[in-house]
Amino acid sequence: MVAVDNIDIHVGGITPFTTIDFPGRLAAVIFCQGCPWRCRYCHNRHLLESGEAGQYSWNETFRWLETRRGLLDGVVFSGGEPLLQKQLPEAIGQIHQHGFEVALHTSGVYPERLSKVLPLIEWVGLDIKAPFDEYELITGGGNGQRAKDSLIRILDSGKDYELRCTVDPLFFNPENAGKMARQLMELGVSHLVLQPYRDLVNRRTQAVSKEIITSIEQFLPVVKQRH
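Calculation criteria
Residues numbered from 1 in each chain as written. Predicted model: local features only at pLDDT ≥ 70, side-chain atom pairs only at ≥ 80, totals over all residues. Heavy atoms only, no water. Axes fitted to C-alpha atoms, helices over the stretch in contact; angles between N-to-C directions. Helix = DSSP H or I, 4+ residues; strand = E, 2+ residues; numbered from the N terminus. Parallel < 35°, antiparallel > 145°, perpendicular 65-115°, else oblique. Left-handed = near helix turned anticlockwise from the far one by under 90°. Contact = heavy atoms within 4.5 Å. Nonpolar A, V, L, I, M, F, W, Y, C, P; charged D, E, K, R; others polar. Expected span 1.5 Å × (residues − 1). Buried < 20%, exposed > 50% of the residue type's maximum accessible area, 1.4 Å probe, protein only. Arc of directions from axis to C-beta. Polar contact = N/O pair within 3.5 Å; in protein donor to acceptor, adjacent residues only side chain to side chain.

Asker: It is not clear to me how the packing of helix α1 (residues 58-66) against helix α2 (residues 88-97) should be interpreted in this structure. Could you clarify?
Answerer: Each packed pair of helices is defined by two parameters, the angle between the axes and the distance between the axes. One way to put it is that α1 packs onto α2 with a least axis distance of 11 Å and a crossing angle of 20 degrees. Considered as vectors, α1 and α2 are oriented roughly parallel to each other. When you trace α1 past α2, the crossing you get is right-handed. Along the contact surface, α1 presents Trp58, Phe62 and Leu65, while α2 presents Ala91, Gln94 and Ile95. Partitioning the contact of α1 with α2 into residue classes produces five nonpolar, one polar and no charged.

Okay, here's the thing in C-alpha cells:
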C-alpha cells in the first residue's frame, strides 16, 4: 500500500455530507481538480484547470476522512474529472481500508482508466452529454466515442450505475434528444436521469420541456427528473 504522503490527488473542494450523490448511503464528496472538457453549462468551473494544486492535499483530505468513520457510509469522487488523477486507484484503496464504500462521478473521457477503477468501486454515475456523434458541440471538442466506450465498460462490469444528462435548452430539441435515447437503448440502457440546465448568468434553472421528455421516453422505459 502506498503511503498517504506519497499520493498526489488534487482536491479542489469537499462536501462533508450528502444523501443524494451516492444512492442509499450517507457520504462525503471529494471534488478533484481538473477536467479536459469545457461544457458550457458547467457549474464547477473553478475545478476545470488541471494545473491548479487544489484546495487540499490528499494527506489533509484523508486525515479528515478518518474523523468521519462511523458517521458516513461512503465517499464520492467527483470533479472536475476524477479520473484525471493518476493515483486515484491508490486513494480508493486507502479509503476502503477505513471501511468506506466508494462511488465515482465521471464524464467517461478516460475509458481505459475507468476500467482500472471499476473493480474497486461500488457505484458509478456517468454523465451523458449528447448523442455520441455530437459531443463536441457540448464539450468544446470532446470525443463522444470515449464516453460511449466508457458506458459499454460500465454495463459490462455489472456495477450499480446511474446515467444522467443535463438538458441544455440551447442544444437539445425533441429530435436530438430522441436520437440520444435511441443510441442508449441500442447499448442496453433502460434508464436516464434528466437534470435541468442552470443559467450561469442569472442562476436560474430551466425545466426540461414535455416534448423532450416524451421523445426520450419512446426509447427508455425509465426517465426520471432531478430538480
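Moving on from the coordinates now.
Asker: Which parts of the structure should I look at to understand helix α5 (residues 144-157)?
Answerer: Each α-helix turn comprises 3.6 residues. Residues three or four places apart therefore point the same way. Helix length check: α5 (14 residues) gives 20 Å between terminal C-alpha atoms against 20 Å at 1.5 Å per residue, within 8%. Here α5 has its buried residues at Gly144, Ala147, Ser150, Leu151 and Ile154. Along the axis of α5, the buried residues cluster in a sector spanning 115 degrees; they form a single face. Along its buried surface, α5 packs onto α3 (111-117), β5 (123-127), β6 (160-167) and α6 (174-186). The residue sitting at the N-terminus of α5 and contributing the capping side-chain oxygen is Asn143; that oxygen lies 2.8 Å from the backbone nitrogen of Gln145. Trailing α5 by a residue or two, Gly158 shows a phi angle of about 80 degrees, which is positive.

Asker: What is the right way to read the environment of Cys32 from this model?
Answerer: Locating Cys32 in the fold gives a position in strand β2 (residues 27-32). A sequence separation of 97 residues divides Cys32 from Lys129, and the C-alpha atoms of the two residues are 20 Å apart. Excluding residues within four positions of it along the chain, Cys32 makes contact with Ile9, His10, Gly12, Leu47, Phe77, Ser78, Gly79, Gly80, Glu81, Pro82 and Gln85.

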